[in-house]
Amino acid sequence: MIFFCTNIMAITVLVSKQAINFEQKIDPSMFKIKNVSQLNKACIPLKITDVKSNEYITTHYINKNTIVCEKDVKVYEDNSVVFNFGGIEIEKQGKIIYENEDFIRIKKDDGSFEKIYKDGRLK
């Protein structure tokens, strides 16, 4: 009877099977479902249905065997920029922050800036 009562009070959470890197896309195979009796007050556990229905990336490094909370992930947004130089198309990750008739300046995902001239050269 005691076992039955402890199972009712359990909270279902996702636990990482492996270490997950910063801004890595996650999928359901990276997690295992576990029942815990206590949870950190600041943690809202991530649900497996959310992981299956949306694409998420991590907001920080997650260690192996760690409970994954909603604050640990964010919805993935594709921030790629496609440059068309005649017959050549180049796709870069980042956002366009400035453009004129000579060059385009983009901000990469790592925070650095890159200047690409419209004739195809980099600087």
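No experiment lies behind these values; they were computed from the predicted model shown.

K.L.:
So what's going on with the overall build of the protein? Which residues, and what values?
P.N.:
Helix and strand counts for the protein come out as two helices and ten strands. Going residue by residue from the N terminus, the α and β elements of the protein occur as α-β-β-β-α-β-β-β-β-β-β-β. Taking the intrachain contacts of the protein between residues at least 6 apart in sequence as the baseline, contacts between residues at least 24 apart amount to 40%. As displayed, the protein offers around 8800 Å² of accessible surface, 52% of which is attributable to carbon and sulfur atoms.

K.L.:
I'd like a description of the sheet that holds strand β8 (residues 95–99), backed by residues and values.
P.N.:
Within the open sheet, the three strands sit side by side as β8-β9-β10. Their pairing is antiparallel. Single-partner strands in this sheet number two, and they are β8 and β10 (113–117). Geometrically, the sheet is characterised by an average inter-axis angle of 30 degrees between neighbouring strands, direction not taken into account. Both β8 and strand β9 (residues 103–107) contribute to a ladder of four bridges, which runs antiparallel. Within β9, the position partnered with Y98 by the bridge is R105.

K.L.:
Any details on a nonpolar patch on the surface? Residues and values, ideally.
P.N.:
On the surface, I97, Y98 and F113 cluster together to form a nonpolar patch covering roughly 330 Å² of accessible area. Among the secondary structure elements, Y98 is positioned in strand β8.

K.L.:
How would you explain the side chain of D72 if you had to name every residue and give the values?
P.N.:
Note on placement: D72 falls in the loop between β4 (56–58) and β5 (73–75). Although D72 is buried, it forms no salt bridge, and the closest oppositely charged side chain is K71 at an N-O distance of 5.5 Å. Among the polar contacts made by the side chain of D72, one reaches the main-chain amide nitrogen of C69 at a distance of 2.9 Å.

K.L.:
Lay out the sheet that holds strand β2 (residues 25–26) in plain terms, naming residues and giving numbers.
P.N.:
The strands that make up a sheet are held in pairs by hydrogen bonds between backbone atoms, and each pair lies either parallel or antiparallel. Taken in spatial order, the three strands line up as β2-β4-β5 in an open sheet, and their pairing is antiparallel. Whereas interior strands pair on both sides, the edge strands pair on one side only; in this sheet they are β2 and β5. As defined by bridge partners, β4 adjoins β5 across three bridges and the pair is classed as antiparallel. Directly across from T58, in β5, lies its bridge partner V73.

K.L.:
Help me get a handle on the pattern of salt bridges, residues and values and all.
P.N.:
The full count for this structure, using the stated rule, is one salt bridge. Here K25 ties to E55 by a salt bridge, and the two come within 3.5 Å at their closest N and O atoms. Here K25, found in strand β2, pairs with E55, found in the loop between α2 (48–53) and β4; they are 30 residues apart in sequence, far enough to count as distant.

K.L.:
Just give me the short version of a positive patch on the surface, but keep the residues and values in it.
P.N.:
Together, K17, K32, K34 and K64 give the surface a local cluster of positive charge. Here K34 lies in strand β3 (residues 31–36).

Thresholds, definitions, all that
Residues numbered from 1 in each chain as written. Predicted model: local features only at pLDDT ≥ 70, side-chain atom pairs only at ≥ 80, totals over all residues. Heavy atoms only, no water. Helix = DSSP H or I, 4+ residues; strand = E, 2+ residues; numbered from the N terminus. Contact = heavy atoms within 4.5 Å. Areas by Shrake-Rupley, 256 points an atom, 1.4 Å probe, with all protein chains shown as cover. Pairing = 2+ DSSP bridges. Axes fitted to C-alpha atoms, helices over the stretch in contact; angles between N-to-C directions. Patch = residues over 30% accessible without salt bridge, like charges linked within 9 Å, V, L, I, M, F, W, Y side chains within 5 Å. Salt bridge = Lys/Arg side-chain N within 4 Å of Asp/Glu carboxyl O. Buried < 20%, exposed > 50% of the residue type's maximum accessible area, 1.4 Å probe, protein only. Lys, Arg positive; Asp, Glu negative; His and termini not counted. Polar contact = N/O pair within 3.5 Å; in protein donor to acceptor, adjacent residues only side chain to side chain. Charge placed at Lys NZ, Arg CZ, Asp CG, Glu CD.

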